[in-house]
Amino acid sequence: MHRAIRTAAAAAGRALSSARAAPPPPRGPRAPCWGATRWLCSGREALSYDVVIVGAGPAGLAAAIRLKQLCRAADTDLSVCVLEKGSEVGAHVLSGNVFEPRALDELIPKWRQEDAPIRVPVSSDKFWMLTKNRAWTLPSPFDNKGNYVISLSQLVRWMATKAEELGVEVYPGFAASEILYDENQIVTGVATNDVGIAKDGTKRETFQPGVELRGRITLLAEGCRGSLSEKIIRNHKLRERGQGQHQTYALGIKEVWEIEEGKHEPGSVIHTVGWPLDKKTYGGSFLYHLDDRQLAIGLVVALNYRNPFLSPYDEFQKFKQHPAVRKLLEGGTAVQYGARTLNEGGFQSIPYPVFPGGAIIGCCAGFLNVPKIKGTHTAMKSGMLAAEATFKALIEGSSMELYWDNLKKSWIWEELHKARNYRPAFEYGFFPGMGLSALERYIFKGRSPYTFKHGKPDHEATDVANLHMPIQYPKPDGQITFDVPTSLYRSNTNHEHDQPPHLCLRDPMIPESVNLPVYAAPESRYCPARVYEYVSDEKGDPKLQINAQNCLHCKACDIKDPKQNIEWTVPEGGGGPGYTVM
């Protein structure tokens, strides 16, 4: 991992020598640009920048690009680095994605002339309600005119090149695992975890200590349920200082297929509700036709589902067997698989995004517009707003509170406020939710006088097993539906096997004493990678086995475990899925 850091630094003209560097200059809003100063701190290599951004997704890269644009306009400079835990930029990015270019139009107005991987405009927009064997066409609640069907992993790769052209240093394979504080409890950056540590805690021959990335301002853009972001939100009570309600989540499971030429309609967009999900489970599916005969197909399942026997992965396989869907896939080839959680709390769940020393941007703050099923444009805009506040804080000495103020004046706030009641409306069930959503869209048009509250947190929504019957899912046929190992192979997931587990149990007794007898082992079903399975120990008793090397970094376990007993921490940098077209 650190070879990659040195290579990137050298390419930017900031070679990392083995000599000790001088201590960092003092912090402060008017301090000069640090550059990439290097020194040793507590035995760890350390680099200092003006701005450290964690996460090379749309929010993090938009923030980096906007910062450098502001520097050029003001004829000044700020050093900016972006850390990405994936093996390369885009490796961990998964989304639908019907892309609304509003934020990109503001950030890079000439993107159409700069070979951006945005080439397939939406050509048709359909909305189906599914029963087991029928697809009923409903009026489409989406307005996708002017939007594009894209691969988000490809878009962020392009954005990374634009950021680097402006002087941003982008470090893939760099997993931030620790928040750094000064003596006044102000965040001063992040540190990566040590690498080359064996499962038993001993140092392997490949051991290298973590690296500290010091920043005058730190922006967290980790995506949904980011591990550092969650610590910051909890420790600084940012949820309570913001809109006040807990976040609620969904799990999106997706495949990309190459389908037969005669079935391919570039730009065709289809969303569905209904079957195979039960009437008490919120969710829906999508089918997006990209270019090159590619079809993105996925199912999104809200993680406040009640039935502990429900398996989102198997519901997705079941969905593909619907006659209207199967006929699209027959004769085609599945080329990639992945899964990721997404924030669905919307307006009610936005945390106060500023903490001492930095801010939270993008999906780890939760700016997804649920009825639009879009969050990329809002994530990018939040990164741009944070960048503008950061620039003023470092150059003019103003406060980062400007980010919060400008966020509330932006089109993000207006958009999410209008959409605030759609998701919680479905707490009353599928048909009441559809009715209330129609009322919001066609009558009130987002200006209703009331604001619904979310129900229970997702982990509390799970019923005990004796209230439900087990669900019998059909066996995969190997052509349209697949078992988990086959799908995992298509995700290009890989982790160093001999490393400490990044999935930790707060209480190792709970799986066997609570989850298995009370909830019928839901972790063996809600995980779309079968990380968790119960096996017999030497006495023949069931014991939870954690196959951490299978992990897709989706974060479902961190959210859905009934007793919140699973803590997701970052593995060695570069581990996890390797998406290319998601």
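Residues numbered from 1 in each chain as written. Predicted model: local features only at pLDDT ≥ 70, side-chain atom pairs only at ≥ 80, totals over all residues. Heavy atoms only, no water.

Naming follows an unreviewed UniProt entry, where the protein appears as Electron transfer flavoprotein-ubiquinone oxidoreductase of Urochloa decumbens. The record held by UniProt for the protein lists under Catalytic activity (unreviewed entry) the comment "a ubiquinone + reduced [electron-transfer flavoprotein] = a ubiquinol + oxidized [electron-transfer flavoprotein] + H(+)". Heading Subcellular location (unreviewed entry) of the UniProt record for the protein holds this comment: "Mitochondrion inner membrane". (UniProt positions renumbered as here; feature names shortened; annotations may be inferred.)

Visitor: Break down the UniProt feature "domain: ETF-QO/FixX C-terminal" (unreviewed entry) in the protein for me, with residues and values.
Guide: In this numbering, the UniProt entry assigns the feature "domain: ETF-QO/FixX C-terminal" (unreviewed entry) to residues 478–580. Structurally, residues 478–580 is divided into 25% helix and 16% strand, and its ends, taken at the C-alpha atoms, are 23 Å apart. (Helix = DSSP H or I, 4+ residues; strand = E, 2+ residues; numbered from the N terminus.)

Visitor: Tell me about the packing of helix α9 (residues 376–395) against helix α10 (residues 401–409), residues and numbers included.
Guide: Two quantities define a packed helix pair, namely the angle between the axes and the distance from one axis to the other. Interaxial distance between α9 and α10 falls to 8 Å at its minimum, and their mutual angle equals 140°. On the basis of the axis angle, α9 is oblique to α10. In this structure, α9 crosses over α10, and the sense of that crossing is right-handed. Residues Ser-382, Leu-385, Ala-386, Ala-389 and Lys-392 of α9 lie in contact with α10, whose contacting residues are Leu-402, Tyr-403, Asn-406 and Leu-407. Among the residues making up the contact of α9 with α10, the classes are represented as six nonpolar, two polar and one charged. (Axes fitted to C-alpha atoms, helices over the stretch in contact; angles between N-to-C directions. Parallel < 35°, antiparallel > 145°, perpendicular 65-115°, else oblique. Left-handed = near helix turned anticlockwise from the far one by under 90°. Contact = heavy atoms within 4.5 Å. Nonpolar A, V, L, I, M, F, W, Y, C, P; charged D, E, K, R; others polar.)

Visitor: Any details on unusual backbone geometry? Residues and values, ideally.
Guide: The residue after Gly-96, namely Asn-97, is reached through a cis peptide bond having omega 0°. With omega at 10°, the peptide bond leading from Trp-275 into Pro-276 counts as cis. Take Pro-276: it is sitting in the loop between β16 (268–274) and β17 (283–289). Phi is positive for Gln-185, close to 65°, though the residue is something other than glycine. Position of Gln-185 relative to the elements: it lies in the loop between β10 (176–181) and β11 (187–192). Overall, Gln-185 belongs to the partly exposed group, its relative accessible area being 48%. Positive phi outside glycine occurs at His-553, with the angle close to 60°. With respect to the secondary-structure elements, His-553 resides in the loop between β24 (542–546) and α17 (556–560). (Buried < 20%, exposed > 50% of the residue type's maximum accessible area, 1.4 Å probe, protein only.)

Visitor: How would you summarise the pairing of strand β7 (residues 135–138) if you had to cite specific residues and measurements?
Guide: In this sheet, β7 lies alongside strand β6 (residues 124–130) in antiparallel orientation, the contact comprising four bridges. Residue Leu-130 lies in a different strand from β7, and its bridge partner there is Ala-135. The turn joining β6 and β7, which pair antiparallel and follow one another in sequence, is formed by four residues. (Pairing = 2+ DSSP bridges.)

Visitor: Any details on the UniProt feature "domain: ETF-QO/FixC ubiquinone-binding" (unreviewed entry) in the protein? Residues and values, ideally.
Guide: Here, the residues flagged by UniProt with the feature "domain: ETF-QO/FixC ubiquinone-binding" (unreviewed entry) are residues 249–342. Secondary structure content for residues 249–342 is 16% helix and 46% strand, and the end C-alpha separation is 6 Å.

Visitor: With reference to specific residues and values, describe the sheet that holds strand β8 (residues 148–149).
Guide: One open sheet holds the three strands; their spatial order is β4-β8-β5, and the pairing between them is antiparallel. Sheet topology places β4 (98–99) and β5 (120–121) at the edges, where each strand pairs with a single neighbour. For β5 and β8, the ladder comprises two bridges, and the chain directions are antiparallel. Among the inter-strand pairings, Val-120 is bridged to a residue of β8, identified as Val-149.

Visitor: For the pattern of salt bridges, give the residues involved together with the corresponding values.
Guide: Counted by the stated rule, this structure contains 24 salt bridges. Of the charged contacts, one joins Glu-165 and Lys-162 as a salt bridge, the two residues approaching to 3.8 Å between their closest N and O atoms. Pair noted here: Glu-165 and Lys-162 are both in helix α4 (residues 152–165), with a separation of three residues, about one helical turn. For Lys-162, a relative accessible area of 14% puts it in the buried group. (Salt bridge = Lys/Arg side-chain N within 4 Å of Asp/Glu carboxyl O.)

Visitor: So, the nonpolar core: which residues are in play, and what are the values?
Guide: Grouped together as the largest cluster of nonpolar side chains are 88 residues, with contacts concentrated most on Leu-83, Leu-213 and Leu-219. Take this core: its biggest share by element is ten residues, from α9. Filtering out sequence-adjacent residues up to four positions away, Leu-83 remains in contact with Val-52, Ile-53, Val-54, Gly-55, Ala-56, Tyr-171, Phe-174, Ala-176, Val-190 and Leu-213. Counting 59 residues, the second-largest nonpolar core is a separate cluster that includes Leu-299, Val-301, Ala-339 and Cys-551. (Core = buried A, V, L, I, M, F, W, Y, C linked by side-chain atoms within 4.5 Å.)

Visitor: Hey, could you go over the packing of aromatic side chains for me, with residue numbers and the actual values?
Guide: Here the structure, examined in full by the defined rule, presents 14 aromatic pairs. Between the aromatic rings of Trp-111 and Tyr-148, the centroid separation amounts to 5.7 Å while the plane-to-plane angle is 85°, which identifies the pairing as edge-to-face. With Trp-111 in the loop between α3 (102–107) and β5 and Tyr-148 in strand β8, this residue pair connects regions lying 37 residues apart in the sequence. The residues Trp-111 and Tyr-148 share a single accessibility class, namely buried. For the ring pair Tyr-282 and Phe-426, a centre distance of 4.7 Å and an interplane angle of 55° mean the geometry is tilted. Of this pair, Tyr-282 sits in the loop between β16 and β17 while Phe-426 is found in the loop between α12 (422–425) and α13 (430–444), placing the two residues 144 residues apart along the sequence. Judged on exposure class, the residue Tyr-282 and its partner Phe-426 are both buried. Members of the aromatic cluster, connected to one another through ring pairs, are Phe-347, Tyr-352, Trp-404 and Trp-413. Lying over the aromatic face of Trp-136, Arg-134 brings its terminal NZ or CZ to 4.2 Å of the ring centre. The ring of Trp-568 carries the charged tip of Lys-555 above its face, separated from the ring centre by 4.3 Å. (Phe/Tyr/Trp six-rings, centres within 6.5 Å; stacked < 30°, edge-to-face > 60°. Lys NZ or Arg CZ within 6 Å of the ring centre and 35° of its normal.)

Visitor: Explain the sheet that holds β7 to me, and be specific about the residues and the numbers.
Guide: Overall, mixed pairing links the seven strands, which are arranged β7-β6-β16-β17-β18-β15-β19 in an open sheet. For this open sheet the edge positions go to β7 and β19 (333–343), each flanked by a neighbour on one side alone. Across the sheet, the mean angle separating the axes of adjacent strands is 20° when strand polarity is ignored. Examined bridge by bridge, β16 and β17 share four bridges and lie antiparallel to one another. Looking at β17, one finds that Val-269 is bridged to Tyr-288. Along the sheet face, helix α7 (residues 312–319) touches β6, β15 (249–258), β16, β17, β18 (294–302) and β19 and points at about 135° away from the line of β18.

Visitor: Help me get a handle on the pairing of β24, residues and values and all.
Guide: Direction of pairing for strand β23 (residues 532–536) relative to β24: antiparallel, over a ladder of five bridges. The partner of Ser-536 across the bridge, within β24, is Pro-542. Hairpin connection of β23 to β24: five residues between the antiparallel strands, including Gly-540 at a positive phi of 85°.

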